[in-house]
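Residues per chain are reported as follows:
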Amino acid sequence: MASKVYFVDFRIENKKSLLDKLEKLLAPFEISKKFRKDALVAIKIHFGELGNLAYLRPQWAARLAQILKKADLKPFLTDTNTLYKGSRSDAVVHLETAVRNGFDFAVVGAPLIIADGLRGNTYERIELDLPVLKEFYVAKEIYRADGLIALTHFKGHELSGFGGVIKNIGMGCAARKGKLQQHSTIAPKVNKKQCIGCGSCLEYCPVGAPEWVEGGKKKRMRINEKKCIGCGECIAVCPQGAIKVQWNEQAIPFMKKMAEYACAVLSNKAGRAIFISFVQNVSPACDCYHFNDYPIVRDIGILASEDPVAIDQAAVELVNAEPTLPGAKVTADPGEDKFRALYPEIDWSVQLKHAEEIGLGSREYELVHL
Ligand code: SF4
Ligand code: SF4
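Residues numbered from 1 in each chain as written. Chains lettered and ligands numbered in written order. Predicted model: local features only at pLDDT ≥ 70, side-chain atom pairs only at ≥ 80, totals over all residues.

*Asks:* I keep staring at the overall build of the protein and nothing clicks. Help me out?
*Replies:* Along the backbone of the protein there are 14 helices and 16 strands. Its C-alpha atoms give the protein a radius of gyration of 21 Å, within 12% of the compact-globule value 21 Å for 370 residues. A principal-axis box enclosing the C-alpha atoms of the protein has dimensions of 75 × 50 × 40 Å. Here the analysis covers contacts within the protein between residues at least 6 apart in sequence; of these, 77% occur between residues at least 24 apart. (Helix = DSSP H or I, 4+ residues; strand = E, 2+ residues; numbered from the N terminus. Rg over C-alpha atoms; globule rule 2.2 N^0.38 Å. Contact = placed C-beta atoms within 7 Å.)

Pasting the structure below:
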């Protein structure tokens, strides 16, 4: 059955702020009926890596928080720590980065909570019998929230062709162990040149997998792959950034795992999740980089749906119906696949097909212009 995907464009009406369109977009969901009074509602958003300017403006989150508060709900803004070492890899630097990127309480009017804790190891372990994975590590505070509204910036992505709602939920709501599970099939490795032998990885590893390397002039560590359980804790605590994720997972299993993770994240949110996707500033690559390239197409509009698959399918098709902008990274005509033009090796449809097969949603949709 076709799922409804609501759409507003970026043209203003009667000199009203674009932010008012968010209210229009959310009206069909009857928020005050959807969530019980005083429900803790997680607004999942990407606070942006420092230096990247393609992430969503905090004013959108602020307006959403205002709408939720008016409906007697308790919203909070949330994201999870990154797998790699960067400006969002633990809760302290993550919150600092969020504030520097404009997500201050004074701006957004809601508290910020890093959903997988100080070092990304606060999770709920979920068991689901899905084709690729059977166990999942979901950021605890997202899992425990009464409701979820995901604000997603739709853009290109080097591993999945595009990054949309499925990615925001599947990867973005996974704790570090879950992110490592999606990105890699082997234990992280120590770069021996960077290691200063401080021992922090051994201190924090739950299974004692880091081992001292015998001999040599300086003390250094290596990871015993047989012992490692892939929690990713050592990556976060190494002061040198010497412990490297082996980004070896191939695109197809990566996309399937991501879709399965989205199922796990949403497994206790039936009827209590809404997905909003901004098809705006469609940059070629992920917002996790400290840079962003010029968009590939014009700003198209904002989508909202209760179906994470339908909304991503609609966003892809809206982008692909456009011509690329002059000066963009790729050149393609209306109707041509912009994401295959960016990443010819990546079949982005895998994430949508797999998501549909495992019951996450439907690729058939009805676009409702509001
Ligand atoms: S990933 Fe986790 S289990 Fe493996 S070495 Fe690092 S801390 Fe230990
Ligand atoms: S935490 Fe990093 S620098 Fe310290 S011993 Fe482990 S790998 Fe080496």
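There is more to say, and it comes next.
*Asks:* I would appreciate a short explanation of helix H11 (residues 251-265) in the present structure.
*Replies:* Given 3.6 residues per helical turn, the α-helix brings residues three or four places apart onto the same face. The terminal C-alpha atoms of H11 lie 21 Å apart, and with 15 residues this matches the ideal 21 Å at 1.5 Å per residue to within 8%. Most of H11 is tucked away, with 12 of its 15 residues classed as buried. Buried residues of H11: Phe-254, Met-255, Lys-256, Lys-257, Met-258, Ala-259, Glu-260, Tyr-261, Ala-262, Cys-263, Ala-264 and Val-265, and no others. (Expected span 1.5 Å × (residues − 1). Buried ≥ 20, exposed ≤ 12 C-beta atoms within 10 Å, placed from the backbone.)

*Asks:* What's the story with the site of ligand 2 in this structure? I'm lost.
*Replies:* Among the 15 residues in the neighbourhood of ligand 2, the closest are listed as Cys-195, Cys-198, Ser-200, Cys-201 and Cys-238. For the shell around ligand 2, a count of residues per class yields 10 nonpolar, 4 polar and 1 charged. (Near = placed C-beta within 6 Å. Nonpolar A, V, L, I, M, F, W, Y, C, P; charged D, E, K, R; others polar.)

*Asks:* I would appreciate a short explanation of the pairing of strand S15 (residues 301-305) in the present structure.
*Replies:* Two faces belong to every sheet, and in a regular strand the side chains alternate between them. Counting buried residues in S15 gives 4 out of 5 residues, a clear majority hidden from the surface. Alignment of strand S1 (residues 3-8) against S15, held across 4 bridges, turns out to be antiparallel. Within S15, the position partnered with Val-8 by the bridge is Ile-302. Judged from the 5 bridges that link them, strand S14 (residues 273-279) and S15 form a sheet pairing that is antiparallel. In the sheet register, Val-279 faces S15, and the bridge partner there is Gly-301. (Pairing = 2+ DSSP bridges.)

*Asks:* Looking at this model, I keep getting lost on the packing of helix H12 (residues 308-320) against helix H14 (residues 349-357). Mind explaining?
*Replies:* In helix packing, the relevant descriptors are the interaxial angle and the interaxial distance, both defined with respect to the helix axes. Closest axis-to-axis distance for the H12/H14 pair is 10 Å, and the angle between their directions is 155°. Classified by the interaxial angle, the pair formed by H12 and H14 is roughly antiparallel. The handedness of the crossing between H12 and H14 is left-handed. Only Leu-352, Ala-355 and Glu-356 of H14 make contact with H12, whose side of the interface consists of Val-309, Asp-312 and Gln-313. A per-class count over the contact of H12 with H14 returns 3 nonpolar, 1 polar and 2 charged. (Axes fitted to C-alpha atoms, helices over the stretch in contact; angles between N-to-C directions. Parallel < 35°, antiparallel > 145°, perpendicular 65-115°, else oblique. Left-handed = near helix turned anticlockwise from the far one by under 90°.)

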